[in-house]
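# Understanding the architecture of this molecule
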Amino acid sequence: MTKDNNVITSADLVAQSIDFVEQFSDNVNTLLTAMGRVRLHPMANGSVIKTYKTDVTEAANRTVDEGETIPLTKVTRAVDKTYELLLTDKIRKVTSFEAIQRDGFSQAVTYTDSKILSIAQKNAKKDFFDTLNSKSTTNTKGEGLQMAISTGLGKLTGLFEDVDNVGTVIAYANPDDVYAYLGGTQITTQNTFGMKYLQNFLNVDVVFLTTAIPAGKVVMTVNNNINFYYVDMRGDAGRTFGMQVDQSGLIGMKHSQVDESLTYQSVATGGWLMLPERTDGIVTATITAPKVPTGTDPSKKA
């Protein structure tokens, strides 16, 4: 019997799901690699995750007389915020009969899946950028982008001075500030997880360009201060619903026909939290305008 190549089989549905899962996982791993090998933590739905801040109270006197009691230095590791890791993302989109007829199966469904992928990636980054913009970070400032980054590096070095193997220095900046600094200079950027990034820029290992950071701010930390937590989609629940997953279990995906509406359904689900371990291990540098010398008129050029 001659096979009709236009017939969509169950194997096609599984292959489409596998492609989506692998693409999402590859994008996550590319992002974390660009950040310097951020740690992945598969966890159960409902797990509680805490971020911390460190308070140090120095001893009143470091030098004491012979036989006298040595005063204490108090180091307190206090909980800053508590998060619950949940299956927050249940995303469903459909591709119509008409779209498949017009564009073909692969093209029509790939377009639908690309929208789901974009939503999932955006949601996976949301809590991280909310934390980067929180008031719990260590603050500094500098005139112009270069000085803001330099003072930020100084603060960051102090925060992790006694920590071994802090890893890669990462900065997050608004694209307007970076391109205003560069002017007409040509640079090479790379792209991952919906963000452009620069490597080895102004003494920073990696600089991500994102509008999630307000203009006039640069946020900096180190990769060993970042953790990527996610609901592990491997196991009975995923298998019960026929979800396709890869060996990491970062996301589950299923494609199926819906005869009642003549549509083709794409369903993805997962839960992710990318968080710093120490919120005070994040430095926020404010970019200030250069000071105008006293007695000069900035509107008049020499």
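What counts, and where the lines are drawn
Residues numbered from 1 in each chain as written. Predicted model: local features only at pLDDT ≥ 70, side-chain atom pairs only at ≥ 80, totals over all residues. Heavy atoms only, no water. Pairing = 2+ DSSP bridges. Helix = DSSP H or I, 4+ residues; strand = E, 2+ residues; numbered from the N terminus. Axes fitted to C-alpha atoms, helices over the stretch in contact; angles between N-to-C directions. Core = buried A, V, L, I, M, F, W, Y, C linked by side-chain atoms within 4.5 Å. Buried < 20%, exposed > 50% of the residue type's maximum accessible area, 1.4 Å probe, protein only. Contact = heavy atoms within 4.5 Å. Expected span 1.5 Å × (residues − 1). Bend = angle between axes of the 7 residues up to and from the residue. Phe/Tyr/Trp six-rings, centres within 6.5 Å; stacked < 30°, edge-to-face > 60°.

### Focus: the sheet that holds strand β6 (residues 169-173)
- Ordered in space as β5-β15-β10-β6-β9-β8-β7, the seven strands form an open sheet in which the pairing is mixed. The two strands at the open ends of the sheet, each matched to only one other strand, are β5 (138-143) and β7 (190-192). Within the sheet, the average angular offset between the axes of one strand and its neighbour, ignoring direction, is 30 degrees.
- Pairing of β6 with strand β9 (residues 204-209) involves four bridges; the strand directions are parallel. Directly across from tyrosine 172, in β9, lies its bridge partner phenylalanine 208.

### A word on the nonpolar core
- One finds Phe24, Met35, Tyr172, Phe208, Phe228 and Trp272 to be the most contacted residues of the largest nonpolar core, which totals 36 residues.
- Taken together, the elements giving at least two residues each to this core come down to α1 (10-34), α3 (105-132), β6, β8 (195-201), β9, β11 (226-231) and β14 (272-276).
- Excluding residues within four positions of it along the chain, tyrosine 172 makes contact with Met35, Phe128, Phe129, Leu132, Phe208, Thr210, Ile213, Lys217, Val218, Val219 and Ile226.
- If you look at the next biggest cluster of nonpolar residues, it comprises 20 residues, including Ile149, Leu153, Leu182 and Val218.

### Section: the pairing of β11
- Burial analysis of β11 places six of its six residues in the buried class, the great majority of the element.
- By the alternation rule, side chains of β11 split into Ile226, Phe228 and Tyr230 and Asn227, Tyr229 and Val231, which are all buried.
- Alignment of strand β1 (residues 39-43) against β11, held across five bridges, turns out to be parallel. Across the sheet, the residue bridging to methionine 43 is valine 231, located in β11.

### Section: α3
- The end-to-end C-alpha separation of α3 is 41 Å, in line with the 40 Å expected for 28 residues at 1.5 Å each.
- Its axis deflected by about 35 degrees at lysine 126, α3 carries its strongest bend there.

### Brief notes about the packing of aromatic side chains
- What the rule picks out here adds up to ten aromatic pairs.
- With centroids separated by 5.2 Å and ring planes inclined at 40 degrees, the aromatic side chains of phenylalanine 24 and tryptophan 272 adopt a geometry described as tilted. Here the residue phenylalanine 24 occupies a position in helix α1, and tryptophan 272 occupies one in strand β14, the gap between them amounting to 248 residues.
- Taking the relative accessible area as the measure of exposure, phenylalanine 24 reaches 0% and is therefore buried.
- An angle of 75 degrees between the planes, with centres 5.6 Å apart, marks the rings of phenylalanine 128 and tyrosine 172 as edge-to-face. Note that phenylalanine 128 is positioned in helix α3 and tyrosine 172 in strand β6, a separation of 44 residues in sequence.

### Focus on the environment of serine 106
- Here serine 106 shows up in helix α3.
- Each C-alpha atom of the pair serine 106 and glutamine 16 lies 8.3 Å from the other, and the pair is 90 residues apart in sequence.

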